[in-house]
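# Analysis of the macromolecular model
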Amino acid sequence: MSRTTPQLTDKEVKNAKPKDGEYVLSDGGGLQLRVLKNGTKSWRIVYQNPETRKPTSLSLGTYPSLSIANARKITREQRELIAQGIDPKAHKLKIQSEYIAINQNTLLNVSKEWFDIKKQKLLLTMLMTSGVP
């Protein structure tokens, strides 16, 4: 039977002070607050990779820009992916690469790149014909 971890309160998260080394506060369900020596507080989810069955972690963001409530919401969403046999880290990378593929090769971007190349060639040609060393 698994152990239940009491959920962190916002006060506990705010009052987590840096120590000599890094330490972790658990919120339950695999959500952890990682407190670094320099005082940075970052949220991460620790889970078992559904493909490799090895322990893995996924960084979610830093506190206070990512609140405890939003970190819990994201953790629930990631747990749903894990329950479906999908690795959240691989899923995130796939979505990012699809976004780049869709938005990188637009007519506007390709035409800007082409124009920049032509502009450089034109400037070189002008410099060579004007006699400027």
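Before reading further, recall that the structure is shown in the block above.
Notes on the structure follow. (Residues numbered from 1 in each chain as written. Predicted model: local features only at pLDDT ≥ 70, side-chain atom pairs only at ≥ 80, totals over all residues. Heavy atoms only, no water.)

## Here we look at the pattern of salt bridges
Note the threshold: In the sections that follow, a salt bridge refers to a side-chain nitrogen of Lys or Arg positioned within 4 Å of a carboxyl oxygen of Asp or Glu. The helix and strand labels rest on DSSP assignments: H or I over at least four residues marks a helix, E over at least two residues marks a strand, and numbering proceeds from the N terminus. Think of it in three bands: with a 1.4 Å probe and only protein chains considered, a residue is buried below 20% of the maximum accessible area for its type, exposed above 50%, and partly exposed in between.
For the coordinates displayed, the defined rule picks out three salt bridges. Note that R72 is salt-bridged to D27, the shortest N-O span being 2.8 Å. Here R72 is found in helix α2 (residues 68-83), whereas its partner D27 is found in strand β1 (residues 23-28), with 45 residues between them in sequence. Neither residue differs from the other here; R72 and D27 are each classed as buried.

## Points about the nonpolar core
Our working definition: Among buried residues, those of type Ala, Val, Leu, Ile, Met, Phe, Trp, Tyr and Cys that are joined through side-chain atoms within 4.5 Å constitute a nonpolar core. The contact rule is simple, with two residues in contact once any of their heavy atoms fall within 4.5 Å.
Of all hydrophobic cores here, the largest spans 17 residues; its most connected members are L8, V13, L33, W43 and L60. Elements represented by at least two residues in this core include exactly β2 (31-35), β3 (41-48), β4 (55-63) and α2. Ignoring any residue separated from it by four or fewer positions in sequence, one finds V13 in contact with L8, L33, K41, W43, Y63 and I68.

## A few points about the packing of aromatic side chains
Condition: Two aromatic rings from Phe, Tyr or Trp, using only the six-membered ring of Trp, form a pair when their centres are within 6.5 Å; if the ring planes differ by under 30 degrees the pair is stacked, by over 60 it is edge-to-face, and anything between is tilted.
Inspection of every chain in the model, using the stated rule, returns one aromatic pair. Geometrically, the ring pair formed by W43 and Y63 is edge-to-face, given 6.5 Å between the ring centres and 80° between the ring planes. Taken together, the residues W43 in strand β3 and Y63 in strand β4 connect sequence positions 20 residues apart. The exposure classification of W43 matches that of Y63, with both residues buried.

## Observations regarding the side chain of Q78
You can see Q78 is positioned in helix α2. When sequence neighbours within four positions are dropped, the list of residues in contact with Q78 reads I45, L58 and P88.

## Regarding the environment of E98
Among the structural elements, E98 can be located in helix α3 (residues 88-104). Under the relative-accessibility criterion, E98 is labelled partly exposed at 40%. The spatial distance from the C-alpha of E98 to the C-alpha of S26 is 33 Å, given a sequence separation of 72 residues.

## Looking at α2
Here is the rule: Working rule for helices: expected span equals 1.5 Å times residues minus one.
When the terminal C-alpha atoms of α2 are compared, their 22 Å separation across 16 residues agrees well with the 22 Å that a helix rising 1.5 Å per residue should span. Turning to α2, its buried residues are I68, A71, R72, T75, Q78, L81 and I82. Buried positions along α2 lie against α1 (10-14), β1, β2, β3, β4 and α3. Positive backbone phi, at 85°, marks G85, one or two positions downstream of α2.

## Details of the sheet that holds β3
Test applied: Strand pairing follows a simple DSSP-based rule, namely that at least 2 bridges must link the two strands. Note on definitions: angles span 0 to 180 degrees between N-to-C directions of axes, and those axes are lines fitted to C-alpha atoms, for helices only across the stretch in contact.
Taking strand neighbours across the sheet as the criterion, the four strands line up as β1-β2-β3-β4 in an open arrangement whose pairing is antiparallel. Strand pairing shows two members of the sheet lacking a second neighbour, β1 and β4, which therefore form its edges. Across the sheet, the mean angle from the axis of one strand to that of its neighbour is 30°, orientation sign disregarded. Bridge analysis of β1 against β2 gives five bridges, and the strand direction is antiparallel. Looking across to β2, one finds that G28 is bridged to L31. Against the sheet, α2 engages β1, β2, β3 and β4, with an angle of about 20° to β3. Across the sheet, α3 is in contact with β3 and β4; its angle to β4 comes to roughly 60°.

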